[in-house]
Amino acid sequence: MHPLDSSTLPDLVKPQEGRQRRSRSHPSRWRKLRRRLRRLNYRLLLIVAVSVVAVIIMGSLVLIFNARAQVEDAWGGLNRVMTRINNTPGTELTLADFERLWASVGELDQRLASADKQVAFLRPFDFVSPDVALSFEALDAARELTQAARRMLNGLRPTLFFLTEGEQDETVNPQFSSGERVVELLELGRNSFSAADTHLRRAEAIIAGLRLDNVSPEMLVTVDGLADSHRQIREINDLLLVSPELLTVALGLETPQSYLVLSANSDELRPSGGYISTYGWMTVRRGRIADFSYSPTTATSPNPPPAEMASAVQIPSWWIQYAQPIYAAWDSSWHADFPSTAAMAAWYYDNGGNPNSPINGVIGIDLVGFEYVLRGLGSVTVPGYGELITPDNFRQAVYTIRAGGGDADHKEFVAALYQQILADWQRVDPERNAALRREVLQALREKHIMLYFTDEQINNAFKAIGWSGEQEAGIGRDYLLVADANLGSKSSRAVLRNTIYDVTIQPDGTLNSTVAIGYDFPARVAEQDPAVRPQHYNDINYHTILQVFAPANSALLGAEGVTFDPAVVAAPEHTVFVSELQVNYDDSLRVQYHYETPQVAESIGRYRRYTLLVQKQPGTIAEQVDFQLRLPAGATPVKISPDPTNSYYIDQPILEFRLSLKTDQTIEVIYTY
């Protein structure tokens, strides 16, 4: 047979050219399809991958937000407890307060530990954003801080229990005084304080290494809160670490200590409290007042230093110029800083060869401080006068004696009264002990009692807890202190003083500032005041030397309401504007000072922090300060502490605050610029 020829086959079975072509092109089409499928698979894979990542991210964010919410809730609870403890007038830390604080710190610690576990798997991805990286570092710092707080509170627990429950605790050895027992209990807690110190050092290292250049406002506020908490806990723990040794010295547990008591008449207000009309001395041995005496201030009581030492007292040109300058060191200090006034008085007392000199410290107490002590005692009967003195009739009794017998008799009565207060203080009914401690603590917090020690370490410890009456520096922040010196009358409590402070922050962080001080001397108030009587003044009008303390290196631009141009005193830590003023009876006066400051708003990455410290003048009761702050145009507040009374926007953000200066006040605003 011949091979098949294609020409002999039916057309159906003949190979067709078109089919041959389609058959030949099939592999090419398949390859295209495969390529498309591969592209489609990659897209699908990419979409699936992105979806998975999104789910992981969303899940992680949920975990992070949940963890953060838990921590913020616990942190808010702790802040509420701290606010209650710090802002309740006249109360000390009770056992109930301590337990609430202990529970709040414990809850915060647990929430932080839980949050750490929830987000631990995300730590390798901290490079995603500055906030994520900073969150983990802040979490580590927060855990160290809460551990430090728990250790510190644990070490403090026995002492607080003893102080709040009194000496009825069965563990108290009756042969020891309260002071000795406190030292023993603080020694017992020293290991806990040392452990807290270790945690604080770790937290400090973490906080110091945080980079804040590109973080969000929320994270900046978190870090700022951590830094502030670290500072507060560090100050307290540092004090607790050295407190046994310091109290051993201050309470005379090993060597008796001698103290000078300066009784300031705050009705005749002076920059650091009032005119020193009476004084006393006391010897403290083993935590008890072993001996004491009180006397009126006269030209020879206490004994003055030798006249040739007068050159050591350099009186400023704008202050009262004494014929015998040496007396300015005793009863006419121009310092608003109590430690400076106390150091001058100690120099005067010691160099006069007075009893128990050289003294180891100075206790300043004004009329309001004695009223607080009387509230704690209930009443005092003054020997030789037959007078039952209570907080309600205290000032009336003093000025009644003065009106009837003159300045000398009144000082003798006040000296006898103060001596009896000290005597009754030593044998107070145990049931009144807690009340007395509360009143004394309030007086210390409000600068009606102030403490100065010649031992610098003890002095620094009492400065740290705010009981020294120290004037702080106006460097690196905004600063305001208004101080009056009443020249000769007793009418300071009847003269109402209020301050309005307006500040505009410039883009470069400098300030344009205006402070206005208003005085009102209404007859309706003066008529009810026993100190404003013809027997107690030569001129009923109120005469004062006013000092306005501003940040160091400020420049006065102008003044209104003053008779003469103010003296501008450039001190190392402040610039002071000084004016002599007269406020007429049943009249008012308003003075203003306009000035500019150096840069005081500090830079924090792309943010700025403005801080204002307003300090209270010792001897005053509760002066009102209205403060208005204008941020630069275009700025946005990130953190405001405390909350403003009002806020609005007129070409720039404006914040308003109303302060009652029972104690020093600090305002902090962080803003973008």
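Residues numbered from 1 in each chain as written. Predicted model: local features only at pLDDT ≥ 70, side-chain atom pairs only at ≥ 80, totals over all residues. Heavy atoms only, no water.

So, the overall build of the chain
Of the regular secondary structure elements, the chain holds 13 helices and 22 strands. Within the chain, buried positions represent 48% of all 673 residues. Within the chain, contacts between residues separated by at least 24 positions form 72% of all contacts whose residues are at least 6 apart in sequence. Surface exposure of the chain reaches about 32,300 Å², of which carbon and sulfur atoms provide 53%. (Helix = DSSP H or I, 4+ residues; strand = E, 2+ residues; numbered from the N terminus. Buried < 20%, exposed > 50% of the residue type's maximum accessible area, 1.4 Å probe, protein only. Contact = heavy atoms within 4.5 Å. Areas by Shrake-Rupley, 256 points an atom, 1.4 Å probe, with all protein chains shown as cover.)

Looking at the pairing of strand β11 (residues 542-551)
Counted residue by residue, β11 has nine buried out of ten residues, so it is predominantly covered. Pairing between β11 and strand β14 (residues 574-583): ten bridges, direction antiparallel. Residue pairing across strands places Pro551 opposite His574, the latter belonging to β14. (Pairing = 2+ DSSP bridges.)

Some remarks on the pairing of strand β22 (residues 665-672)
Moving residue by residue along a regular strand, the side chains alternate between the two faces of the sheet. Of all eight residues making up β22, six are buried, and the element is well covered by its neighbours. The sheet contact formed by strand β19 (residues 636-641) and β22 spans five bridges and is antiparallel. Note on β22: the bridge partner recorded for Pro637 is Tyr671.

Observations regarding empty space enclosed by the protein
For the coordinates displayed, the defined rule picks out four cavities of 30 Å³ or more. Of the pockets and cavities examined, the largest cavity occupies roughly 130 Å³. Element by element, the count of residues in the lining of the largest cavity is highest for strand β4 (residues 361-366), at three residues. Its residues placed into classes, the lining of the largest cavity shows seven nonpolar, eight polar and four charged. (1 Å grid on protein atoms, 1.4 Å probe; cavity = no way out; pocket = protein on both sides within 12 Å on 5 of 7 lines; lining within 4 Å. Points joined across faces, edges and corners; volume = space filled by probe spheres on them. Nonpolar A, V, L, I, M, F, W, Y, C, P; charged D, E, K, R; others polar.)

Considerations on the nonpolar core
Met282, Phe394, Phe413, Leu417, Tyr418 and Ile421 are the most contacted members of the largest nonpolar core, which totals 47 residues. Element by element, the count of residues in this core is highest for helix α10 (residues 394-426), at 13 residues. Setting aside residues up to four positions removed in sequence, Phe394 forms contacts with Leu367, Phe370, Glu371, Leu374, Ile389, Leu417 and Tyr418. Counting 42 residues, the second largest nonpolar core, distinct from the first, contains Ala494, Val583, Tyr610 and Val625. (Core = buried A, V, L, I, M, F, W, Y, C linked by side-chain atoms within 4.5 Å.)

A closer look at the packing of aromatic side chains
Per the counting criterion, the structure on display carries 18 aromatic pairs. Between Phe521 and Tyr585, the ring centres sit 5.3 Å apart and the planes meet at 85°, which makes this aromatic pair edge-to-face. Pair noted here: Phe521 is in strand β10 (residues 511-521) and Tyr585 is in the loop between β14 and β15 (587-597), with a separation of 64 residues, a long-range link. The interplanar angle of 50° and the centroid separation of 5.2 Å between the aromatic rings of Phe577 and Tyr595 together place this pair among those described as tilted. With a gap of 18 residues between them, Phe577 in strand β14 and Tyr595 in strand β15 connect regions that are remote in the sequence. Judged by its relative accessible area of 1%, Tyr595 falls in the buried class. Through successive ring pairs, a cluster of aromatic residues spans Tyr279, Tyr327, Trp330, Tyr348 and Tyr349. (Phe/Tyr/Trp six-rings, centres within 6.5 Å; stacked < 30°, edge-to-face > 60°.)

Considerations on the environment of Arg286
Among the secondary structure elements, Arg286 is positioned in the loop between β2 (275-285) and β3 (288-296). The exposure class of Arg286 is partly exposed, given its relative accessible area of 40%. In this structure the C-alpha to C-alpha distance between Arg286 and Glu180, which are 106 residues apart in sequence, comes to 7.1 Å.

Digging into the sheet that holds strand β1 (residues 257-265)
Taken in spatial order, the five strands line up as β3-β2-β1-β4-β7 in an open sheet, and their pairing is mixed. Bordering the open sheet on either side are β3 and β7 (449-453), each of which pairs with just one other strand. Adjacent strand axes in the sheet meet at a mean angle of 20° when their direction is disregarded. By the bridge criterion, five bridges tie β4 to β7 in an arrangement that is antiparallel. Opposite Val362, over in β7, you have Tyr452 as the bridge partner. Of the strands in this sheet, β1, β3 and β4 touch helix α9 (residues 367-377), which is tilted by about 85° from β4. (Axes fitted to C-alpha atoms, helices over the stretch in contact; angles between N-to-C directions.)

Topic: the packing of helix α4 (residues 178-188) against helix α6 (residues 217-250)
Orientation of α4 relative to α6, taken along the N-to-C sense of each, is 155°, at an axis distance of 9 Å. The angle between α4 and α6 falls in the class roughly antiparallel. Between α4 and α6 lies a crossing whose hand is left-handed. In contact with Val182, Val183, Leu186 and Glu187 of α4, α6 contributes Leu240, Ser243, Pro244, Glu245, Leu247 and Thr248. When its residues are assigned to classes, the contact of α4 with α6 shows six nonpolar, two polar and two charged. (Parallel < 35°, antiparallel > 145°, perpendicular 65-115°, else oblique. Left-handed = near helix turned anticlockwise from the far one by under 90°.)

Section: the confidence of the model for the chain
Put simply, the chain has an average pLDDT of 82, and 81% of its residues get 70 or more. Low pLDDT (under 50) marks residues 50-65, which in the prediction has seven contacts with non-local residues, meaning those over four places away or in another chain. (pLDDT = per-residue confidence, 0-100.)

A look at the pattern of salt bridges
Under the definition given, this model contains 29 salt bridges. The shortest N-O distance in the salt bridge between Glu204 and Arg234 comes to 3.9 Å. Residue Glu204 is located in helix α5 (residues 190-208), and its partner Arg234 is located in helix α6; the two are separated by 30 residues in the primary sequence. Note on Glu204: relative accessible area 39%, which makes it partly exposed. Across the pair Asp228 and Arg231 runs a salt bridge, and its minimum N-O distance is 2.7 Å. Of this pair, Asp228 and Arg231 both sit in helix α6, three residues apart, roughly one helical turn. Classification of Arg231 by relative accessible area gives partly exposed; the value is 40%. (Salt bridge = Lys/Arg side-chain N within 4 Å of Asp/Glu carboxyl O.)

Some details on the side chain of His230
Looking at the element boundaries, His230 is found in helix α6. Judged by relative accessible area, which is 9%, His230 ranks as buried. At 3.0 Å, the side chain of His230 forms a polar contact with the backbone oxygen of Leu200. Residues in contact with His230, not counting those within four places in the same chain, are Leu145, Leu200, Ala203, Glu204 and Ile207. (Polar contact = N/O pair within 3.5 Å; in protein donor to acceptor, adjacent residues only side chain to side chain.)

What about the sheet that holds strand β20 (residues 646-649)?
With respect to topology, seven strands assemble into an open sheet ordered β12-β15-β10-β9-β18-β21-β20, the strand pairing being mixed. Strands at the two margins of the open sheet, each flanked by one partner only, are β12 (555-560) and β20. Taken over all neighbouring pairs, the strand axes of this sheet differ in orientation by 15° on average, direction set aside. As paired elements, strand β9 (residues 496-505) and strand β18 (residues 623-630) share seven bridges and run parallel to each other. When the bridges of β18 are listed, Asp502 appears paired with Gln628.

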